[in-house]
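Understanding the architecture of this molecule
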Amino acid sequence: MNYTDLPTPAFLVDRSRVQQNCDRMRAKAQRSNVAFRPHVKTHKTVEIAKMQHGGAIGPVTVSTIAEAEFLASAGFSDITYAVPIAPQHLGRAAELGARLDRLNVLIDSETALDAMEARHLADGATFDVFLKIDCGYHRAGVDPKRTESFALARRMAASCAVRFRGLLTHAGHSYNATNIDDVIRIAAEEVSAVSGFWRKLELGGITGLIRSVGSTPTASVVERFDGCDEVRPGNYVFYDAFQQAMGSCRSDEVAVSVLATVIGSYPERKQAIVDAGALALSKDAGAIQLDARCGYGTVCSLDLEPLPMRLVALSQEHGKVECTGAVPPVGTRLRIMPNHSCLTAAMFDRYHVIDGDEVTDEWRPARGW
Ligand code: PLP
């Protein structure tokens, strides 16, 4: 089937672009001699998780236990759940961990360690654990400069409930950068935050820890990965309009688009309405630090040429497009490059895989938590 015959809105995944993005990042990790544990949160599919490892099963990072369970049932056996674990999920994590070669979980508080120790006392469960380090994003993680962080690490190293595996950080603040030099600086901070703390722990006798880093902007702009043991980028499989605006990728590396249909045409007010609203595109604002008028995605022709149109508003099922040139008539098909492919992909329960103009496959992502 030609993709233009699909009912809209439809999430299109260009297989050869995904393949190229996967191959390039994997090759960079191999060249740098670091372990590759790509994140799967962007796509949440078995098919792309395998593409990230050159067609094989390999170590992965997930953002929900549902993703971990989904990939485990497809044979993935070495998984890091890279969100601080809620105490009520410890039972589910212990159950899954017992079926896998390795399930690493993440903590950044004494309270989370208390919960693991209580669980260990109750039923003997033990956990493979990374300590989350804040490298400047200020979302989750301990401040590596604080003495309390060192004390928590010491407690983890001594605890019977956990096997202390490593230090993990994510430079999410790279998404606020305004130019490549900023991203390169943040990439260096990401590595130095984790490596500095790692050295302090080594001097304190806590050795053998893995230093795990990764975000798509930082991983895309550095020539090679230095000063770490493992990298975990995720968004790079698809990229998106945000990454393109920041310079993490070129427009011809963006592997996904939402196929939409014009359902309203209003030349008198220079506007059109498409059938892709917030429930198809998500409502991510995009790289507004670079272009406050970027809108909710890049409106393109079917051959992915950006059009003189701006997606200015989204309601649940409507997208409002302002047109500088001709207003397209009802029935026109457009492709919208999403601002944030992770969130847009999560709106769809199936992806239409295209090779050229042909729909050659349909992939189903994991859903829920
Ligand atoms: N690691 C962690 C802990 C994350 O939260 C994320 C993304 O949110 C990643 C890695 C991957 O980052 P990106 O999506 O920028 O590749």
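Going by the structure above, here's the rest.
Residues numbered from 1 in each chain as written. Predicted model: local features only at pLDDT ≥ 70, side-chain atom pairs only at ≥ 80, totals over all residues. Heavy atoms only, no water.

1. Let's talk about the sheet that holds strand β4 (residues 78-84)
The criterion, for reference: One bridge is not enough; two strands pair if DSSP finds at least two bridges between them. Helix and strand assignments come from DSSP, with helices taken as H or I runs of at least 4 residues and strands as E runs of at least 2, each series counted from the N terminus. Contacts between residues were defined by any pair of non-hydrogen atoms, one from each residue, lying within 4.5 Å. To obtain each axis, a line is fitted to C-alpha atoms, and for helices this fit is confined to the stretch in contact; angles are then taken between N-to-C directions over 0 to 180 degrees.
With parallel pairing, 8 strands are arranged side by side in an open sheet as β2-β9-β8-β7-β6-β5-β4-β3. With one partner strand each, in any of the chains shown, β2 (35-36) and β3 (60-62) form the two edges of the open sheet. When β2 meets strand β9 (residues 230-231), the two strands line up parallel, connected through 2 bridges. By the bridge assignment for β9, A35 is matched with E230. Strands β6 (127-132), β7 (162-168) and β8 (210-213) of the sheet are contacted by helix α7 (residues 180-203), whose axis makes an angle of about 140 degrees with β7.

2. As for the nonpolar core
Here is the rule: Side-chain atoms within 4.5 Å are what join buried Ala, Val, Leu, Ile, Met, Phe, Trp, Tyr and Cys residues into a set we call a nonpolar core. Think of it in three bands: residues with accessible area under 20% of the maximum for their type are buried, residues over 50% are exposed, and the middle band is partly exposed, with areas taken using a 1.4 Å probe on protein chains only.
By size, the foremost hydrophobic cluster in this structure holds 92 residues, and its most contacted members are I79, M116, L131, L167 and F238. Look past the residues within four positions of I79 in its chain and what remains in contact with it is R37, V60, V62, A68, L71, A72, L100, R102, L103 and N104. Residues A171, A177, I186 and F242 belong to the second largest nonpolar core, which totals 11 residues.

3. Thoughts on the layout of surface pockets
Put simply, the rule reads: The pocket and cavity definitions rest on a 1 Å grid over protein atoms only: a 1.4 Å probe that fits but cannot leave marks a cavity, an open set with protein on both sides within 12 Å along at least five of seven lines marks a pocket, and residues lining either have an atom within 4 Å of a point. Grid points are joined across faces, edges and corners, and a volume is the space filled by probe spheres set on the points. Amino acid classes used here: Ala, Val, Leu, Ile, Met, Phe, Trp, Tyr, Cys and Pro are nonpolar; Asp, Glu, Lys and Arg are charged; the rest, including Gly, are polar.
By volume, the largest pocket amounts to about 900 Å³. If you trace the largest pocket, you find 39 residues lining it, with H39, K41, S63, V83 and R139 closest to the centre. Those elements that provide at least two residues to the lining of the largest pocket are β4 and α11 (341-345). Looking at which element gives the most residues to the lining of the largest pocket, the answer is β4, with 4 residues. When its residues are assigned to classes, the lining of the largest pocket shows 18 nonpolar, 15 polar and 6 charged. Taken as a whole, the second largest pocket holds about 420 Å³ of empty space. Lining the second largest pocket are 27 residues, with A241, Q244, T298, P306 and M337 positioned closest to its centre. The element best represented in the lining of the second largest pocket is helix α9 (residues 241-246), accounting for 4 residues. In the lining of the second largest pocket, the residues fall into 14 nonpolar, 6 polar and 7 charged.

4. Topic: the site of the ligand
Cut-off, in case you're wondering: A molecule or strand has a residue near it when one of that residue's heavy atoms lies within 4 Å. Any N or O atom pair separated by 3.5 Å or less is treated as a polar contact, with the protein-specific requirement of one donor-capable and one acceptor-capable atom, and with residues adjacent in sequence counted only for side-chain atom pairs.
Taken together, 14 residues form the shell around the ligand, and within it R139, Y175, T216, R232 and G234 come nearest. H170 has a polar side-chain atom sitting 3.5 Å from an oxygen atom of the ligand. One of the side-chain N or O atoms of Y175 is found 2.5 Å from an oxygen atom in the ligand. Looking at the shell around the ligand residue by residue, the class counts come to 4 nonpolar, 7 polar and 3 charged.

5. Examining the side chain of S301
Summarising the element assignment, S301 is placed in the loop between β12 (298-300) and β13 (309-314). Excluding residues within four positions of it along the chain, S301 makes contact with L307 and R335.

6. With respect to the side chain of R17
Secondary-structure assignment places R17 in helix α1 (residues 15-32). Those residues within four positions of R17 in sequence are excluded, and the remaining contacts are S251, D252, E253, V254, A255 and L304.

7. Section: the pairing of strand β11 (residues 271-274)
Side chains Q271 and I273 of β11 all project onto a buried face; the interleaved residues A272 and V274 project onto the opposite face, where all are buried too. As paired strands, strand β10 (residues 256-266) and β11 are joined by 4 bridges and run antiparallel to one another. In the sheet register, V262 faces β11, and the bridge partner there is V274. Linking β10 to β11, which pair antiparallel, is a turn of 4 residues; within it K270 sits at a positive phi near 55 degrees. Inspection of the sheet shows β11 paired to strand β14 (residues 319-323) by 4 bridges, in the antiparallel sense. Its bridge partner being in β14, V274 is matched across the sheet by G319.

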